Amino acid sequence: LNRLKASKEDTNKVNLYRNICSTMRFTDPLKAIEYGKKGIILSKKLNFDKGTAGNYLNMATAFSYADKLDSALFYLNIAIQYSIKVGDPNRLGLAYLNRADTYRQQLNINAALNDCNTALKYAEKANNDDVKARVNQTIGAIYFLQKLYNEAVNYYYKAIPLYDKNNNKRMIAV
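What you are looking at is a predicted structure, and each value in this text was computed from that prediction instead of being measured.

Rules behind the numbers
Residues numbered from 1 in each chain as written. Predicted model: local features only at pLDDT ≥ 70, side-chain atom pairs only at ≥ 80, totals over all residues. Heavy atoms only, no water. Helix = DSSP H or I, 4+ residues; strand = E, 2+ residues; numbered from the N terminus. Contact = heavy atoms within 4.5 Å. Core = buried A, V, L, I, M, F, W, Y, C linked by side-chain atoms within 4.5 Å. Buried < 20%, exposed > 50% of the residue type's maximum accessible area, 1.4 Å probe, protein only.

With respect to the helices, strands and loops of the structure, threonine 61 is situated in helix H4 (residues 49-65). Excluding its chain neighbours within four sequence positions, the residues that come into contact with threonine 61 are Arg25 and Asn98.

This is the structure we're talking about:
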């Protein structure tokens, strides 16, 4: 936070807002949302669409942690638009995955599975095994909600080696 005060109004400061939002979303989602909004304002002022996409994505996730799922969906849709604009398959994979998880929380199963499929396509395009793992885990959670336990376990087992490949022990434990 000290670096933020000393930072110039440039793309580095936009990224700093994005990183602070990302870090704070777990412990203080409402404060994270404030930083995300500041990052969006600055990135738009600078015409830094990639920064705008990242701040919208992290802010949407903070809304999700604050249990404001309608707001999360609203900002995820905007994050997807900006990610398409800048042609960022990695961020698109994350945005569709986060939207799928939000739909899962709302029990909108069809929309969640559709977004998982879209997220997986972008994760493959970006060659991002971590997002591939998270998609498989989310699909497993969707099947678990429907009491389709064998299908759920199959997707969880697909996620584990992908997490392991990236040494993501925290997600393996989930």
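Tyr35, Tyr56, Met59, Tyr75 and Val135 are the most contacted members of the largest nonpolar core, which totals 46 residues. Looking at this core, the elements that each hand over two or more residues are helix H2 (11-24), helix H3 (29-45), H4, helix H5 (69-86), helix H6 (89-105), helix H7 (109-126) and helix H8 (129-145). Here the element with the most residues in this core is H5; it accounts for 8 residues. Core analysis: the next-biggest nonpolar cluster, separate from the first, contains 5 residues, Ala133, Ala159, Leu162 and Tyr163 among them.

Below, the discussion takes up unusual backbone geometry. Its identity as a non-glycine residue notwithstanding, asparagine 47 has a phi of 55°, on the positive side. When you line up the elements, asparagine 47 lands in the loop between H3 and H4. Accessibility expressed as a relative area gives 65% for asparagine 47, which makes it exposed. Positive phi, normally seen in glycine, also occurs at lysine 147, with a value near 65°.

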